Amino acid sequence: MKRRHTLLLALAMLSAAAVANADPTIGVFFDTDGTQPTLVAEPGTVNTGYVLINNSDMMVGGAAFKMETEGGFMLVGETWANGLLFGTLLTGAEIGLYTALPQFGTDPTVICTFQLFGTEMVINSHLTIVNDPDYATPVVANNNAILFPAEGLTGSVTLRNTPEIGVFFDTAATEQSAIFNGGVGELYQAWVCVRNAEMMVGGAAFKMNLDPRITLLNAVPANALIFGTLTTGVEMGLYTNLPVFGSDPGILYSLLFTTFNNQMIDATIAIVNHPNYDTPKVADNSAVQWSADGLTSFLTIPVATEEMSWGQVKALY
């Protein structure tokens, strides 16, 4: 009996230590692992967010908190863990769970899921977990209904169009396909443009992949500090920002191509990521980088004309 009494006393002491060390957080995230507190999406899309409890090391029996937002979007639905719920995310909610949820170590538990929708551009609008009006702080309860003050965390939402970088056969950045007669003496002009950015563009990083039957004769950049080349990967910081709003593109490069006597149907000219980045990038005038979509353009040469010497080609530009 004495050994059992000692064991129970030790377990009680460990339990008390665990209670003393509980320091829960309640935060807004856009993944269930609690690693993405920031959402970047396009206007008009429905996105899912999560309110996660973490760092509690307990069987979670309930919680009370409120979410404050800076707006620019709507919450179009919220779904709570199974329990008795009073209130809502935006007015303040108290929930007592019917079945306690385990939260130990770095594995957060989902207490609420919500959908977010907006049609206008929003930059860095914050969503912050604060106290429910009936409490001094956000709180988390364990399965014995003992309340613990929790730290409320902040997430953020950015809704903006995804910039596009592509090769176009017009300066208005509307023509991504072209059909020309071929031949050594035939030259084709095109432009690398940014469009759909809705920002003052201060730089970009990307790479251009060319069908091997297409030869790049010349590439003239906008006035910028340049590292690398178009076909190996280029990073450019513009000396003068380019306004890219609405249907107005920004021209990054003027290009001159030839195909010699090669004939082709829908040969590709693709903008892809610079080797140092995961996607093509566009930077705004504050040097904030945004992921961009790299576009693919198509060149068709149905007819080749007479042969010319390389010297004659060089004399044309």
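Provided above is the structure to which this section pertains.
Residues numbered from 1 in each chain as written. Predicted model: local features only at pLDDT ≥ 70, side-chain atom pairs only at ≥ 80, totals over all residues. Heavy atoms only, no water.

(A) Local environment of the overall build of the protein chain. Scanning the protein chain from N- to C-terminus turns up two helices and 26 strands. Counting over 317 residues, the protein chain shows a buried share of 41%. Put simply, of all contacts in the protein chain between residues at least 6 apart along the chain, 77% involve residues at least 24 apart. Element-wise, carbon and sulfur atoms account for 54% of the exposed surface of the protein chain, whose accessible area totals about 15,700 Å². (Helix = DSSP H or I, 4+ residues; strand = E, 2+ residues; numbered from the N terminus. Buried < 20%, exposed > 50% of the residue type's maximum accessible area, 1.4 Å probe, protein only. Contact = heavy atoms within 4.5 Å. Areas by Shrake-Rupley, 256 points an atom, 1.4 Å probe, with all protein chains shown as cover.)

(B) Structural view of the sheet that holds strand 8 (residues 109-117). Ordered in space as 5-8-3-1-12, the five strands form an open sheet in which the pairing is mixed. In this open sheet, the two edge strands, each paired with only one partner strand, are strand 5 (74-80) and strand 12 (151-152). (Pairing = 2+ DSSP bridges.)

(C) Expanded view of the pairing of strand 2 (residues 38-41). Side chains Leu39 and Ala41 of strand 2 all project onto a buried face; the interleaved residues Thr38 and Val40 project onto a face where none is buried. Relative to strand 13 (residues 154-159), strand 2 runs parallel, the two sharing four bridges. Across the sheet, the residue bridging to Leu39 is Val157, located in strand 13.

(D) Summary view of the pairing of strand 9 (residues 122-130). Here strand 4 (residues 58-69) runs beside strand 9; their pairing, made up of four bridges, is antiparallel. When the sheet's bridge partners are listed, Met67 is paired in strand 9 with Ile129. Pairing analysis gives five bridges linking strand 9 to strand 13, with the strands arranged antiparallel. Paired with Leu127 across the two strands is Gly155, which belongs to strand 13.

(E) View of the sheet that holds strand 21 (residues 250-258). Strands sit in the order 18-21-16-14-25 across an open sheet of five strands; the sheet is mixed. Edge strands, defined here as strands with exactly one partner in the open sheet, are strand 18 (215-221) and strand 25 (293-294). Note: strand 16 (residues 188-195) against strand 21, seven bridges, orientation antiparallel. Residue pairing in the sheet places Val194 in a bridge with Gly250 of strand 21.

(F) Representation of the nonpolar core in the model. Ile165, Phe206 and Leu252 are the most contacted members of the largest nonpolar core, which totals 35 residues. Elements with a contribution of two residues or more to this core: strand 14 (164-168), strand 16, strand 17 (199-210), strand 20 (233-244), strand 21, strand 22 (264-272) and strand 26 (296-301). In contact with Leu252, other than residues within four places in its own chain, are Ile165, Val192, Cys193, Val194, Ala204, Phe206, Val220, Pro221, Ala222, Met236, Leu238 and Leu242. (Core = buried A, V, L, I, M, F, W, Y, C linked by side-chain atoms within 4.5 Å.)

(G) How the structure looks around the side chain of Arg160. As for its placement among the helices and strands, Arg160 is situated in the loop between strand 13 and strand 14. It is Asp284 that comes nearest to the buried, bridge-free Arg160 among opposite-charge side chains, at 6.1 Å. Once you skip the residues sitting within four places of it in the chain, Arg160 turns out to touch Ala41, Glu42, Pro43, Met121, Ile123, Ala197, Glu198, Met199 and Trp290. (Lys, Arg positive; Asp, Glu negative; His and termini not counted. Salt bridge = Lys/Arg side-chain N within 4 Å of Asp/Glu carboxyl O.)

(H) Seen up close, the pattern of salt bridges. Scanning all chains against the criterion turns up three salt bridges. For Asp211, the salt bridge identified is with Arg213, shortest N-O distance 3.0 Å. Residue classification places Arg213 among the partly exposed positions, given a relative accessible area of 31%. Residue Asp278 pairs with Lys281 through a salt bridge whose shortest N-O separation is 3.3 Å. Taking relative accessible area as the criterion, Lys281 reaches 11% and is therefore assigned buried.

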